[in-house]
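Listed below, chain by chain, are the residues.
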Amino acid sequence: MSRDRIGYGLRLGLAALIALALALALGLPNPYWAAMTVWITAQPTRGMLAERLAFRLLGTVAGAAVGLLLLRATHEPVLVVAALALWLGLCIAAGNLLRHSLAYGTLLAGYTAGIVVLPEFIPGLPPHDLPAARILATILGVLVSAIVTWLLTPDSPREATLRRMGELGRDGLAWAADCLRDTLPAPGLAAREQALLVELARIEDGADQLAAGSPRAYARIRALRGVVAALLSVISTARLLQARLAELPPDPGLAAWCEDLACRLGTAAAPAAGAPPPAARRTAAALAEAVVALRQALAALDSAPAAPPRRMPFHRDWPAALAAALRGVAAVGLLGAAWLLSGWSFGPFLVMGGSIFASAFSGHPQPVAALRGVLMGACAGLVAALLCRLVLLPQEAGMGQLLLTLAPFMALGGLAQAHPVLGKPAMDANMVFMLAAQPMLPLHGTPAMLVQGGLAIPLSIAATLSIFWLLRGDRLRGLPVALRRDLAGLAAGRDAAALARGRARLDHRVLRLTQQAPDRAAEGLAVLRLGDALRLLGGAGCAAAAVLRQPAAAWDGAPAALRGGAGADEAGSLMRSAATALEAAAPVLRPVAPALRRLPGSAAAPPEPAPRP
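As the structure is a prediction and not an experimental result, all values here were calculated from the model.

Reading guide: rules and limits
Residues numbered from 1 in each chain as written. Predicted model: local features only at pLDDT ≥ 70, side-chain atom pairs only at ≥ 80, totals over all residues. Heavy atoms only, no water. Helix = DSSP H or I, 4+ residues; strand = E, 2+ residues; numbered from the N terminus. Buried < 20%, exposed > 50% of the residue type's maximum accessible area, 1.4 Å probe, protein only. Contact = heavy atoms within 4.5 Å. Areas by Shrake-Rupley, 256 points an atom, 1.4 Å probe, with all protein chains shown as cover. Core = buried A, V, L, I, M, F, W, Y, C linked by side-chain atoms within 4.5 Å. Phe/Tyr/Trp six-rings, centres within 6.5 Å; stacked < 30°, edge-to-face > 60°. Axes fitted to C-alpha atoms, helices over the stretch in contact; angles between N-to-C directions. Parallel < 35°, antiparallel > 145°, perpendicular 65-115°, else oblique. Left-handed = near helix turned anticlockwise from the far one by under 90°. Expected span 1.5 Å × (residues − 1). pLDDT = per-residue confidence, 0-100. Nonpolar A, V, L, I, M, F, W, Y, C, P; charged D, E, K, R; others polar. Salt bridge = Lys/Arg side-chain N within 4 Å of Asp/Glu carboxyl O. Patch = residues over 30% accessible without salt bridge, like charges linked within 9 Å, V, L, I, M, F, W, Y side chains within 5 Å.

## With respect to the overall build of the protein chain
Here is step 1 of the chain: Across its full length, the protein chain carries 24 helices and zero strands.
Here is step 2 of the chain: By residue count, 56% of the 613 residues in the protein chain fall in the buried class.
Here is step 3 of the chain: Restricting to contacts in the protein chain with at least 6 residues of sequence separation, those with at least 24 account for 78%.
Here is step 4 of the chain: Accessible surface computed for the protein chain: about 24300 Å², of which carbon and sulfur atoms make up 66%.

What follows is the structure, given as structure tokens:
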């Protein structure tokens, strides 16, 4: 590891140890919650750290309040399990429809209720006001993490990304100029076009994290998304204009106009001042409008505009959110039933673990594979915790001996969490170590209790993994339906405002598709071309709208039917472009397309970070 990573890991372990020491000194129940807050809120940039700390606190307060209300309402285990399952399902559904820190805080509120309620049903644990203890420990962990790690955590690379976004905008205009000149090989143009989309999708996916912790930065990130949306329109309308110009007979005036437009695009000047040819007026006007929007968005990148050039609606996958909520309810319900039927005294830990891991991995693209890694990390943490408690720590240990014994484990945990490969399983190991070791004063628990309580954690992970495997499904199975619905709306020829909203929604759905499957960038670009062709057709796109509303099995002859009804005018050219785009986009528009089987949830999909408890 680099020197910076080693220093970061040691600071992280030191912060967790300080949080635990202060919680012990203040006599807080379950003082290890303070150290766990430090582990879980560690972030690579200062803004993300501030936002994560804030939402950690808000989510904890909300979940603890619900847990307190539940404890006051009933102590009947069956009703408690049912209420926790319902609350968890609601939070998982909402969290899967939100993004980044908002999603994290919502999911945290869901399982915090179980954390403060379920220990009440474990015999042998000392009685405490767990909701208040959870909130106080979280506040302490937040403060220690902020003080110890804040100054040494780097700032966001926001400015560098905004500069790169400006470069991409200019690259997009240069690509459009080359596209209109039509002098470069088609494969090279297509490769540049796809590379632009993939990089735009990557930047947009991390845009909120760049703005984390700064309200003014969020306004600039909205401007960044305005650049993304306008550039996508430039790319698709340039392709439509290229197709139309290729159909027109050679003409010196047309060639001069096209060259003038390409030169102005390539030099970032205003669009061509001359009138476009009548045979391509609609498509040329759409490209000019997109170029103006792009230049306005590029100018707004250096400021924080009150009204950014264009707002991008986010794709929200309602079917996937509902499926995730059902998996969470199933995890709590089944583990709760196992606890109640077996009568195992540590059964509440099973339910607690199930609620945590079902929430934390509800939106993960590969939850089964991720939970396998979590299970390995949890087993390592459990072994270390039992070694610490049963071999190294005497039952009568005082505060000094306790902290000195824990210090090497926490230093190694911090270094492992800072490692680029071991980071994720190390965080799981650190969390389970604190839960299983139960570092508090006085130390309590027999070896049998420590082993049983510790084993409940990996058992809950294994059970959650099994539930996710049994109830697995394509993470983005609602995306083809949403894309077809948007395209059908664009083809219906509604008013201009509705068309603009539909086209904006299409942008983010295509970006979402590209984020999860970069090798499907060509199909995503075809969807954008199809959307713009339908938008420009207006009422003339009703035939295409009828096609898009048909079952996928009836699509085979649709492109030929669209071409057959197309004339020689500009509307006919747009209809032919729509047919070509429909052929190219069909693999990601069909409800059970083989292309979408490679999206999140399959072995071929790349992993991405998931929120952790």
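Moving on, there is more to tell.
## A look at the environment of Val 228
Here is step 1 of the chain: Assignment of secondary structure puts Val 228 in helix H10 (residues 215-247).
Here is step 2 of the chain: The exposure class of Val 228 is buried, given its relative accessible area of 0%.
Here is step 3 of the chain: Sequence separation between Val 228 and Asp 507 is 279 residues; the distance between their C-alpha atoms is 8.7 Å.

## As for the nonpolar core
Here is step 1 of the chain: Counting 89 residues, the largest nonpolar core has Leu 20, Met 410 and Met 434 as the members making the most contacts within it.
Here is step 2 of the chain: If we ignore the near neighbours within four places in the chain, the residues touching Met 434 are Leu 20, Tyr 32, Ala 35, Met 36, Trp 39, Met 410 and Pro 439.
Here is step 3 of the chain: If you look at the next biggest cluster of nonpolar residues, it comprises 78 residues, including Leu 196, Cys 258, Leu 534 and Ala 578.

## Digging into the packing of aromatic side chains
Here is step 1 of the chain: Considering all chains together, one arrives at five aromatic pairs under this definition.
Here is step 2 of the chain: Plain terms: the ring middles of Tyr 32 and Trp 33 are 6.3 Å apart, the flat faces sit at 70° to each other, and that makes the pair edge-to-face. Considered together, Tyr 32 and Trp 33 belong to a single accessibility category, that of buried residues.
Here is step 3 of the chain: Ring geometry for Phe 346 against Phe 349: centres 5.9 Å apart, planes inclined by 35°, an arrangement best described as tilted.
Here is step 4 of the chain: Taking the relative accessible area as the measure of exposure, Phe 346 reaches 7% and is therefore buried.

## Here's the deal with the packing of helix H1 (residues 3-25) against helix H2 (residues 32-41)
Here is step 1 of the chain: Running from amino to carboxyl end, H1 crosses H2 at an angle of 155°, the nearest separation of the two axes being 7 Å. Taken together, the axis directions place H1 and H2 in an arrangement best described as roughly antiparallel. The chirality of how H1 crosses H2 is right-handed. Across the interface between the two elements, Leu 12, Gly 13, Ala 15, Ala 16, Ala 19, Leu 20 and Ala 23 of H1 pack against Tyr 32, Ala 34, Ala 35, Val 38 and Trp 39 of H2.

## What about H1?
Here is step 1 of the chain: Its 23 residues place the ends of H1 33 Å apart at the C-alpha level, agreeing with the 33 Å of an ideal helix rising 1.5 Å per residue.
Here is step 2 of the chain: When we look at burial in H1, the residues that qualify are Gly 9, Leu 12, Gly 13, Ala 15, Ala 16, Leu 17, Ala 19, Leu 20, Ala 21, Ala 23 and Leu 24.
Here is step 3 of the chain: Where H1 terminates, the next one or two residues include Gly 27, which has phi positive at roughly 70°.

## A closer look at helix H20 (residues 496-516)
Here is step 1 of the chain: Compared with an ideal rise of 1.5 Å per residue, which puts 21 residues at 30 Å, H20 spans 31 Å between its outermost C-alpha atoms and is within 8% of the ideal.
Here is step 2 of the chain: Within H20, 16 of the 21 residues are buried, which leaves the element mostly enclosed by the surrounding structure.

## Examining the confidence of the model for the protein chain
Here is step 1 of the chain: For the protein chain, per-residue confidence averages 81 on the pLDDT scale, and 84% of positions sit at 70 or higher.
Here is step 2 of the chain: Taken element by element, the predicted model of the protein chain shows its lowest mean pLDDT in helix H22 (residues 542-548) (60) and its highest in helix H4 (residues 77-97) (94).

## Looking at the packing of helix H8 (residues 186-205) against H20
Here is step 1 of the chain: In the contact formed by H8 and H20, the axes pass within 9 Å of each other and the chain directions differ by 95°. Of the possible angle classes, the one that applies to H8 and H20 is roughly perpendicular. Contacts from Leu 197, Val 198, Leu 200, Ala 201, Glu 204 and Asp 205 in H8 reach His 508, Val 510, Leu 511, Thr 514 and Gln 515 in H20.
Here is step 2 of the chain: Considering only residue class, the contact of H8 with H20 consists of six nonpolar, three polar and two charged.

## Quick notes on the pattern of salt bridges
Here is step 1 of the chain: According to the stated counting rule, one finds 17 salt bridges in the structure shown.
Here is step 2 of the chain: With its nearest N and O atoms 2.9 Å apart, the salt bridge here joins Asp 178 to Arg 192. You can see Asp 178 sitting in helix H7 (residues 158-181) and its partner Arg 192 sitting in helix H8, a full 14 residues away along the chain.
Here is step 3 of the chain: Between Arg 503 and Asp 532 there is a salt bridge whose closest N-O contact spans 2.9 Å. You can see Arg 503 sitting in helix H20 and its partner Asp 532 sitting in helix H21 (residues 521-537), a full 29 residues away along the chain.
Here is step 4 of the chain: Residue classification places Asp 532 among the buried residues on the basis of a relative accessible area of 0%.
Here is step 5 of the chain: One continuous salt-bridge network, built from bridges that share partners, spans Arg 164, Glu 167, Asp 171, Glu 199 and Arg 202.

## A short note on unusual backbone geometry
Glycine aside, the phi torsion of most residues is negative, and most peptide linkages are trans.
Here is step 1 of the chain: For the bond running from Leu 441 to Pro 442, omega is -10°, close enough to zero to count as cis.
Here is step 2 of the chain: The phi dihedral of Asn 30 is positive, around 45°, even though this residue is not glycine.
Here is step 3 of the chain: Along the chain, Asn 30 falls in the loop between H1 and H2.
Here is step 4 of the chain: One non-glycine residue with positive phi stands out, namely Gln 438, at about 50°.
Here is step 5 of the chain: Looking at where Gln 438 falls in the secondary structure, it is placed in the loop between helix H17 (423-437) and helix H18 (447-470).

## Quick word on a nonpolar patch on the surface
Here is step 1 of the chain: Together, Leu 136, Ile 139, Leu 143 and Ile 147 give the surface a local cluster of nonpolar side chains, amounting to about 380 Å² of exposed area.
Here is step 2 of the chain: The topology assignment puts Ile 139 in helix H6 (residues 130-149).

## Brief notes about the side chain of Thr 106
Here is step 1 of the chain: Along the chain, Thr 106 falls in helix H5 (residues 100-117).
Here is step 2 of the chain: For Thr 106, the residues in contact, after removing those within four places along its chain, are Cys 91, Ala 94, Gly 95 and Leu 98.

## Considering the environment of Val 148
Here is step 1 of the chain: Assignment of secondary structure puts Val 148 in helix H6.
Here is step 2 of the chain: A residue is classified by how much of its surface remains accessible, and Val 148, at 22% relative accessible area, is partly exposed.
Here is step 3 of the chain: Along the backbone, Val 148 and Ala 15 are 133 residues apart, and their C-alpha atoms lie at a distance of 6.0 Å.

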